[in-house]
Every structure is written in structure tokens, then in C-alpha cells.
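The residues making up each chain are set out below.
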Amino acid sequence: MAKIYTAQETAITWKNTGGTYVFTGTSVANAAGRVGAQGDLGSGSRCDRYIWYAEVQCIATPTAGNVVNVYLARGNSTTEIEGNPGTSDAALSAETACRNMLFLGAIVVETATADKKFIASGVVEIAHRYVSPALFNNAGSALTSDAAEHYFTLTPVPPEIQ
């Protein structure tokens, strides 16, 4: 009898430096956001199932129960993508810019503690070629200035039949 397993592949990362694509999450103010550079998932046959992972840290004491919302802009053209975020890493001044993006989830502030990692993840199906992650900070505090503390990843998880 055949079995179907999940086989994780190499993660695609959005970071300030050292990632596959650029995402500058440093010092994002409360009630502000950031969209990462547009990523290209490829034009050929590829996996459509991904694990998404997002991590942030606040500089000062955030408000417990508040959130940093995580979105994904998708499209099959570099110029026709949900929310029209552009192709570069850029600031978002209002969460209304994310209305047509896919809402992935919320990073919930678990405790009112500064310099604590807050993490969320999930599974998403992506049939589009181009994607840009976006985070909107409603945590009650600005994010830290340490680039290593803010990033987003998509890990392909194709089914493996044995």
C-alpha cells in the first residue's frame, strides 16, 4: 500500500540581510507595516503547498493580546499583484493597503514583555508565481532595530508518495 508523506524542501526567506529576498522589519512603528520584496516562486511545475513562518520582537512593552497581522500579496505578473505593493521592500502606512492581500494569520502578543520573540506559522496553498509578504504592526509597541529579529519564510512541502 502506498503512503503519502510530507517532504519539506529548502525555505524561501525574507530577511533584512542574508535572505532569499529583502524584508526590512526593523523599527516598524505601532500602527505601521512593511511589505517584503517580491519573490518569484518559478514559472515551471512546482509545489503549491507551503508552511509560512513569521517572527517579530518589540522594542518596548507591547500590549498583551494585540497582534501583528501577516498577509501575502500574490499574482501571476510582477505588475498585477494583490494590493499593488510594488516589487521592492517598502513601508505600509495603513493596514487598508492589505485589504486585497491574503490574510495568513496573526502573531499574537502573548505577554506584555519587551524583547520577547513572538512567532506564528501555518500552511498555505499558493498557485501564483509572484508573492510578497506583508506584516502590519498592531502590537502596541514598535519593533526592535535588530534585523535578525524580524523575518518571514515560505517552506515548500510537496507530497511524497512511497
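None of these values were measured; they are calculated from a predicted model.

Our focus in this paragraph is the overall build of the protein chain. Looking only at helices and strands, the protein chain has zero helices and 13 strands in total. For the protein chain, the α and β elements follow one another from N to C terminus as β-β-β-β-β-β-β-β-β-β-β-β-β. The C-alpha radius of gyration computed for the protein chain amounts to 16 Å, which stays within 12% of the reference 15 Å derived for 162 residues, consistent with globular compactness. For the protein chain, the spread of C-alpha atoms along the principal axes amounts to about 55 × 40 × 30 Å. Counting over 162 residues, the protein chain shows a buried share of 44%. Within the protein chain, residue pairs in contact and separated by at least 24 positions form 84% of the contacts whose partners lie at least 6 positions apart. Counting only carbon and sulfur atoms, one obtains 49% of the accessible surface of the protein chain, whose full area is about 7800 Å².

Turning our attention to the pairing of strand β7 (residues 67–75). With eight of nine residues buried, β7 lies mostly within the body of the structure. In this sheet, strand β9 (residues 102–108) lies alongside β7 in antiparallel orientation, the contact comprising six bridges. Bridged to L72 within β9 is L102.

The next thing to look at is the sheet that holds strand β6 (residues 49–57). In spatial order, the strands read β3-β2-β12-β6-β10; together these five strands make up an open sheet with mixed pairing. The sheet terminates laterally at β3 (21–22) and β10 (117–125), the two strands that pair on one side only.

A word on the pattern of salt bridges. Pairs can form between side chains of opposite charge whenever their charged atoms are close. Under the definition given, this model contains five salt bridges. The residue R34 makes a salt bridge to D89 at a minimum N-O spacing of 2.9 Å. One end of the pair, R34, is in strand β4 (residues 32–35); the other, D89, is in the loop between β7 and β8 (90–92), and 55 residues separate them in sequence. Under the relative-accessibility criterion, R34 is labelled buried at 18%. Between K117 and E55 there is a salt bridge; the shortest N-O distance is 3.9 Å.

Backbone geometry at N84 places phi at a positive 45°, although glycine is not the residue there. Looking at where N84 falls in the secondary structure, it is placed in the loop between β7 and β8. Using a relative accessible area of 60% as the deciding quantity, one classes N84 as exposed. Positive phi, close to 55°, is recorded for D115, a residue that is not glycine.

Residues W52, V70, I107, I126, F152 and L154 are the most contacted members of the largest nonpolar core, which totals 27 residues. Only β2 (12–15), β6, β7, β9, β10, β11 (130–138) and β12 (151–156) provide two or more residues apiece to this core. It is β6 that contributes the most residues to this core, four residues altogether. Among all residues touching F152, those that are not within four sequence positions of it are I12, T13, W14, W52, Y53, A54, V70, L72, L104 and P133. Counting 10 residues, the second largest nonpolar core, distinct from the first, contains A73, M101, Y130 and A134.

Reading the values: the criteria
- Residues numbered from 1 in each chain as written.
- Predicted model: local features only at pLDDT ≥ 70, side-chain atom pairs only at ≥ 80, totals over all residues.
- Heavy atoms only, no water.
- Helix = DSSP H or I, 4+ residues; strand = E, 2+ residues; numbered from the N terminus.
- Rg over C-alpha atoms; globule rule 2.2 N^0.38 Å.
- Buried < 20%, exposed > 50% of the residue type's maximum accessible area, 1.4 Å probe, protein only.
- Contact = heavy atoms within 4.5 Å.
- Areas by Shrake-Rupley, 256 points an atom, 1.4 Å probe, with all protein chains shown as cover.
- Pairing = 2+ DSSP bridges.
- Salt bridge = Lys/Arg side-chain N within 4 Å of Asp/Glu carboxyl O.
- Core = buried A, V, L, I, M, F, W, Y, C linked by side-chain atoms within 4.5 Å.

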